[in-house]
Amino acid sequence: MITVFGEGRGFRVVWLLEEMGLAYRLRPVDLQAGARNDVEFLAVNPAGFIPAIRDGEVTMVESIAIMEYLIARYGPTPLAPDPHDPAFPLYQQFLHLGEAGLAASMYFVVVSRNLAPEAERQNWGARKALEVFQSRRGLVTRQLARSPYLAGETFTAADIAVTYALQFARRAGGVILSEAEQAYVARTTGRDAYKRAMETCQATKAWAEASGE
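Computed from a predicted model, the values in this text were never measured in an experiment. (Residues numbered from 1 in each chain as written. Predicted model: local features only at pLDDT ≥ 70, side-chain atom pairs only at ≥ 80, totals over all residues. Heavy atoms only, no water.)

Turning our attention to helix H6 (residues 157-173). Taking 1.5 Å per residue, 17 residues should reach 24 Å; H6 reaches 23 Å between its end C-alpha atoms and fits that length. When you tally the buried positions in H6, you get 15 out of 17 residues, the bulk of the element. Two residues or fewer after H6 comes Gly 174, characterised by a positive phi angle close to 70°. (Helix = DSSP H or I, 4+ residues; strand = E, 2+ residues; numbered from the N terminus. Expected span 1.5 Å × (residues − 1). Buried < 20%, exposed > 50% of the residue type's maximum accessible area, 1.4 Å probe, protein only.)

And the structure:
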């Protein structure tokens, strides 16, 4: 049984597991209460951030790395094109862009706006992070003008990565999605596996509902 520790970006992992039909359990982690008191979780990830997984003797952190591990370990799956498939380069690019270019940049915008002292909320670093987010977002919108999904005609794990980032930006960062982005998110979140993941991830579901979804 695969154990997923924590929601947040862990939602990506749960969604992937639902798409692949793999057995798992979600183990909540309350970061607001302080992970330092969560001995079981810290044994899996001593750095104290989410998500993490335990799969037998394997422990891993970082949502995109976890997704790649699950695909490699339990695939093949249509969620990841074969390396010789013409769609593979786009798949790889957007799988990683979903975190490195989008969600990670938006994280620094969100924490600055919400957690920094008032005088420091519009700091240079936060403004630069927003610029990075917007420039990488442009790659997404350009690709969506060419195809319904980021690797082409077929839904892949790259869409899980980017959908989460766009939802995070909208829910926490106040980003207004374009019509094309909204239509894309409607396509990806209309999947049965997404709906099952939302029922499992009750904190994420509550966050979405509070955001007006």
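Let us keep going from here.
Another aspect to go through is the packing of aromatic side chains. A complete count under the given rule lists 10 aromatic pairs for this structure. Ring centres 5.2 Å apart and planes at 80° place the aromatic pair Tyr 107 and Phe 108 in the edge-to-face group. Taken together, a centroid distance of 6.0 Å and an interplanar angle of 90° make the contact between Tyr 149 and Phe 155 edge-to-face. The exposure class assigned to Tyr 149 is buried, which follows from its relative accessible area of 13%. Owing to a relative accessible area of 5%, Phe 155 belongs among the buried residues under this scheme. Each residue in the set Phe 11, Trp 15, Tyr 149, Phe 155 and Tyr 194 is aromatic and connected to the rest through ring pairs, giving one cluster. Against the face of Phe 168 rests Arg 9, its NZ or CZ located 5.6 Å from the ring centre. Cation over ring: Arg 73 sits above Tyr 74, and NZ or CZ is 4.8 Å from the ring centre. (Phe/Tyr/Trp six-rings, centres within 6.5 Å; stacked < 30°, edge-to-face > 60°. Lys NZ or Arg CZ within 6 Å of the ring centre and 35° of its normal.)

The next thing to look at is the environment of Ser 211. Structurally, the position occupied by Ser 211 is in the segment after helix H9 (202-210). The partly exposed category is assigned to Ser 211, whose relative accessible area is 23%. Sequence spacing of Ser 211 and Arg 171 is 40 residues, and the spatial spacing of their C-alpha atoms is 5.7 Å. Once residues within four sequence positions are removed from consideration, Ser 211 is found in contact with Arg 170 and Arg 171. At 2.9 Å, the side chain of Ser 211 forms a polar contact with the backbone oxygen of Trp 207. (Contact = heavy atoms within 4.5 Å. Polar contact = N/O pair within 3.5 Å; in protein donor to acceptor, adjacent residues only side chain to side chain.)

By size, the foremost hydrophobic cluster in this structure holds 59 residues, and its most contacted members are Leu 16 and Leu 70. It is H6 that provides the largest number of residues to this core, a total of 10 residues. When near neighbours in sequence (up to four residues on either side) are disregarded, Leu 70 contacts Ile 2, Val 13, Leu 16, Leu 17, Met 20, Ile 53 and Gly 75. (Core = buried A, V, L, I, M, F, W, Y, C linked by side-chain atoms within 4.5 Å.)

Looking now at the pattern of salt bridges. Two side chains bearing opposite charge may form a pair once their charged atoms approach each other closely. By the definition in use, this model includes 14 salt bridges. Glu 99 is the salt-bridge partner of Arg 12, the closest N and O atoms lying 2.7 Å from each other. Placement of Arg 12 in helix H1 (residues 10-20) and of Glu 99 in helix H4 (residues 88-115) is noted, with a sequence separation of 87 residues between them. Exposure remark for Arg 12: the relative accessible area of 0% places this residue in the buried category. Residue class for Glu 99 comes out buried when judged on its relative accessible area of 15%. With a closest N to O distance of 2.6 Å, Asp 38 and Arg 27 form a salt bridge. Of the two residues, Asp 38 sits in the loop between strand S2 (24-27) and helix H2 (39-44) while Arg 27 sits in strand S2, which places them 11 residues apart along the sequence. (Salt bridge = Lys/Arg side-chain N within 4 Å of Asp/Glu carboxyl O.)

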